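Analysis of the macromolecular model
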Amino acid sequence: MAFGLKDFLAHPQDVYKIGGIGTVPIGQVETGVLKPGMLVTFAPVNITTEAKSVEMHHKALSEALLGDNVGFNVKNVSVKDLCRGNVAGDSKKDPPMEAAGFTAQTIILNHPGQISPGYVPVLDCHMLTLLASLLS
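Notes on the structure in this doc start here. Please read all numbers here as calculations on a predicted model, not as lab measurements.

What counts and how
- Residues numbered from 1 in each chain as written.
- Predicted model: local features only at pLDDT ≥ 70, side-chain atom pairs only at ≥ 80, totals over all residues.
- Heavy atoms only, no water.
- Core = buried A, V, L, I, M, F, W, Y, C linked by side-chain atoms within 4.5 Å.
- Buried < 20%, exposed > 50% of the residue type's maximum accessible area, 1.4 Å probe, protein only.
- Helix = DSSP H or I, 4+ residues; strand = E, 2+ residues; numbered from the N terminus.
- Contact = heavy atoms within 4.5 Å.
- Salt bridge = Lys/Arg side-chain N within 4 Å of Asp/Glu carboxyl O.
- Patch = residues over 30% accessible without salt bridge, like charges linked within 9 Å, V, L, I, M, F, W, Y side chains within 5 Å.
- Areas by Shrake-Rupley, 256 points an atom, 1.4 Å probe, with all protein chains shown as cover.

Looking at the nonpolar core
Counting residues in hydrophobic clusters, the biggest one holds 18 residues, and the most contacted among them are Phe8, Leu34, Val40, Phe42, Val70, Phe72 and Leu82. Listing elements by their share of this core, those giving two or more residues are β1 (9-18), β3 (39-43), β4 (47-56) and β6 (69-74). Aside from chain neighbours lying at most four places away, what touches Leu82 is Val15, Thr23, Pro25, Phe42, Val45, Ile47, Val74 and Val77.

Written out as structure tokens, the structure reads:
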């Protein structure tokens with residue numbers, strides 16, 4: 001599949017409640033295309049809803065493409081249900097799901113002490129910051 005033509009995926013960097021509009025996640029389209037009327041699933045909270053509208057810089061879009069920083073209005077979802085670190089994806093093609101864990105290759109620069117299994121570094125992954133465990 002060509003770069004940018006995968007299913008829709010975005011990582012909301014923030015979620016706002018806008019009077020007269022409703023709940024609006026803001027973030028960058030990482031892959032695929034987001035269109036008004038699409039069903040979007042948020043993980044790990046497992047909420048599926050319709051993207052009623054898509055906007056960039058206060059202008060309505062017929063579609064948001066790879067790299068676009070957009071806000072999209074979602075139906076019947078409270079601002080308290082979504083947060084930074086969630087993942088939004090196309091619910092019909094390949095909806096995002098919570099992962100029990102993952103394996104990462106890391107590079108540690110300028111660490112003053114010895115690193116061994118059990119070390120707990122802070123990991124930044126897209127819009128999420130979390131504690132990780134070094135197993136080996």
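Moving on from the coordinates now.
Thoughts on the pattern of salt bridges
Counted according to the given criterion, the structure contains 2 salt bridges. With a shortest N-O distance of 3.5 Å, Lys75 and Glu50 are connected by a salt bridge. Of the two residues, Lys75 is situated in the loop between β6 and β7 (87-90) and Glu50 in strand β4; the sequence distance between them amounts to 25 residues. Take Glu50: its relative accessible area is 26%, and that puts it in the partly exposed class.

Here we look at a nonpolar patch on the surface
Judged by side-chain polarity, Tyr16, Ile18 and Ile21 come together as a nonpolar surface patch covering roughly 270 Å² of accessible area. Locating Ile18 in the fold gives a position in strand β1.

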